[in-house]
Amino acid sequence: MPKHYDRVMEIYREISDLYAALALMGWDQETYMPPKGAASRGRQLATLSGMAHERITSDEMRGALDGARSESLTADEEVNVREISRFSDRAVKIPVGLVKDLAETSSAAIGVWIKARQEDDFPAFAPWVDKLVALQREVAEAVGYEDEPYDALLDEYEPYASTKETAAVFDSIRGPLVDLVQRIADSGVKPRTDFLERNYPVDDQRRMGVMAAERMGFDFEAGRLDISPHPFCTHMGVNDVRMTTRYSETLPMQSFYGVIHEAGHGLYEQGHDPENEGTPRGASVSLGIHESQSRMWENMVGRSRAFWQHFFPEFSAIFPENSADVSEEEVYAAVNEVKPSLIRVEADEITYNLHILLRFEIERGLFTDEYAAGDLSAVWNENMKAFLGIEPPDDRDGVLQDIHWSHGSFGYFPTYTLGNLYAAQFYRAAEREIPDLSERIARGELLPLRDWLRDRIHRPGMTYRAGELVQHVTGEVLSADYFLAYVHDKYSSLYSL
Ligand code: MG
């Protein structure tokens, strides 16, 4: 009998319940909490995360993990021990004082960032970036790394990934994407988008988003859709998955694709094995794999011609006046407009990756001492020009646009593009294995894809590390070729290249 293993899991389930409570309080903070609740909520979150940290680093947990490693375990049990050991090792290595310093510095930095952004004053924020980089460098030294400190930071979001390999994959897409964006600009083709600027009542937008999520197989008996300024998806368990979106009457596609994206995340959470709920075996692999699920639904499915064959009549029925002079083909072209823009979160599926590559290079450079924070505005603007051919008129819409660095979150950005690359490679495998996938999508049948994803990606939980999962599902290691082929095929036809 694996006695130590059982004790590990007992403690871990409590930790997992603490995380569920943290997730629920965090969800509430972004959705329904009255503004004056902020101060006490901050304290409550800190208390609970302190308790989780204490348990995962406790002598009892460390002893039980040591014992469990020499017990005879099933394959599933080994996954749990491997991953809980990884969480515990990382937590033990980072001194409590450093965790506190980081929390305090980033909470001050967020305020400085908000003001600096309002006043377009990057020099006011730059010293805080340097401070946070210095603290994260201490984290990296404490945790340890293979080649460069950035490895240890990336590892928090994309476990087992290496900076060097990520950089190599990113290098292989930069040239082709810059070139594709240029050829699209030179094509002279400009999709009609005027009809998307009309007035779309929020209630109807909600109806359309919910319909798409239901069609995807998102279970509203085991999940919700609410409103928050920054859309996200969180979960308290396989049967309690909360997603949010935001509505603007003149941006119907923002909420529509927002819901499809978050429902893609939501399906991953609803698709875990219920028997392993609250354990690594029943949890998602990495942020990159998570993002592959949202991006696949949003872009490869939701922005496909097949999808609009089915959804155009639904769209017309919900918005008869706005769509009276519009064709299915025009909607399809409009939702796939490619246009270099300043703001990452508004970017199309091609240029989005160039925004990420730019941030990845800067982050890596901050940790190899190639850059100091004071250089970032200039580096940012130069790279925007080189990658996208446009230059921000100010730092507000340039280097100050994202909240991530004020949180001290370095290593998070690359997971977005990794998600796009994983998504394209997974989707290619789905096309091989699901008969008539695109014909079925054109008939509004989205469940065959949901079921395939559930079987191949959601149910295994953390059984495979991200790189292994890609190999297991697709038969090959991660390659950018699938994403490049996907965008090349799709946009050659859209822009007559
Ligand atoms: Mg996402």
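It should be noted that the structure appears before, not after, this text.
First, a word on what this report is: a plain description of the structure on this page. (Residues numbered from 1 in each chain as written. Predicted model: local features only at pLDDT ≥ 70, side-chain atom pairs only at ≥ 80, totals over all residues. Heavy atoms only, no water.)

1. Focus: the coordination of the magnesium ion
Put simply, the test is: Donors, by definition, are the N, O and S atoms found within 2.8 Å of a metal, the threshold being 3.2 Å for Na, K and Ca, and water is not counted, so a site can look incomplete. Labels follow the DSSP assignment, with helices taken as runs of H or I lasting at least four residues and strands as runs of E lasting at least two, numbered in each case from the N terminus.
Every protein donor of the magnesium ion is listed here as His261 (NE2), His265 (NE2) and Glu291 (OE), and their distances to the metal cover 2.2 to 2.3 Å. On the primary sequence, the residues serving as donors to the magnesium ion are separated as H-x3-H-x25-E. Pair noted here: His261 is in helix α10 (residues 252-270) and Glu291 is in helix α11 (residues 287-301), with a separation of 30 residues, a long-range link.

2. Some thoughts on the packing of aromatic side chains
This is how the line gets drawn: Pairs were defined over the aromatic rings of Phe, Tyr and Trp, the Trp ring being its six-membered one, requiring ring centres within 6.5 Å. Orientation was assigned from the angle between planes: stacked under 30 degrees, edge-to-face over 60, tilted for the rest. Burial here depends on accessible area, computed with a 1.4 Å probe over protein chains only, as a share of the maximum for the residue type. Under 20% is buried, over 50% is exposed, and the range in between is partly exposed. For a lysine, the NZ atom is tested; for an arginine, the CZ atom; a charge sits over a ring if that atom is within 6 Å of the ring centre and within 35 degrees of the ring normal.
Throughout the structure, instances matching the rule amount to 29 aromatic pairs. Seen from their ring centres, Tyr150 and Phe360 are 5.8 Å apart, and the 65 degrees between their planes marks the pair as edge-to-face. Residue Tyr150 is located in helix α7 (residues 149-157), and its partner Phe360 is located in helix α14 (residues 351-367); the two are separated by 210 residues in the primary sequence. Residue classification places Tyr150 among the buried residues on the basis of a relative accessible area of 0%. Note on Phe360: relative accessible area 4%, which makes it buried. Taken together through their ring pairs, the aromatic side chains of Tyr150, Tyr157, Phe170, Tyr352, Phe360, Phe367, Trp380, Trp405, Phe410, Tyr412, Phe413 and Tyr416 make up a single cluster. Positioned over the ring face of Trp128 is Lys131, at 3.8 Å from the centre of the ring. The positively charged end of Arg465 is found above the aromatic ring belonging to Tyr160, 4.7 Å away from the centroid.

3. Some words on empty space enclosed by the protein
Counted only if it meets this: Here the term cavity refers to a set of points on a 1 Å grid, laid over the protein atoms alone, in which a 1.4 Å probe fits but cannot get out; the term pocket refers to an open set having protein on both sides within 12 Å along at least five of seven lines, with lining residues being those that place an atom within 4 Å of a point. Grid points are joined across faces, edges and corners, and a volume is the space filled by probe spheres set on the points. Three classes are used: nonpolar for Ala, Val, Leu, Ile, Met, Phe, Trp, Tyr, Cys and Pro, charged for Asp, Glu, Lys and Arg, and polar for all others, with Gly counted as polar.
On inspection of all chains with the given rule, the structure shows one cavity of 30 Å³ or more. For the lining of the largest cavity, a count of residues per class yields eight nonpolar, one polar and no charged.

4. Digging into the pattern of salt bridges
Short version of the rule: A carboxyl oxygen of Asp or Glu within 4 Å of a side-chain nitrogen of Lys or Arg is what we treat as a salt bridge.
Applying the stated criterion to the full structure yields 40 salt bridges. The salt bridge partner of Asp402 is Arg344, with a shortest N-O separation of 3.0 Å. Placement of Asp402 in the loop between α15 (376-388) and α16 (414-433) and of Arg344 in the loop between α13 (328-334) and α14 is noted, with a sequence separation of 58 residues between them. A residue is classified by how much of its surface remains accessible, and Asp402, at 10% relative accessible area, is buried.

5. Remarks on the sheet that holds strand β1 (residues 223-227)
The criterion, for reference: Any two strands are treated as partners once DSSP identifies two or more bridges connecting them. Every axis corresponds to a line fitted to the C-alpha atoms, with the helix fit spanning only the stretch in contact, and the corresponding angles, defined between N-to-C directions, vary from 0 to 180 degrees. Every residue pair with non-hydrogen atoms within 4.5 Å of one another is taken to be in contact.
The strand order across the open sheet built from three strands is β1-β3-β2, with neighbouring strands paired in mixed fashion. Of all the strands in the sheet, the pair left with one neighbour each is β1 and β2 (233-237). Pairs of neighbouring strands in the sheet enclose a mean axial angle of 20 degrees, with direction left out of account. In the sheet, β2 pairs with strand β3 (residues 240-245) via four bridges, with the strands oriented antiparallel. For His235, the partnering residue across the bridge sits in β3 and is Val241. Its contacts with the sheet place α10 against β1, β2 and β3, and it is angled at close to 165 degrees to β3.

Remember, this is a structural readout, not a statement about activity or role.
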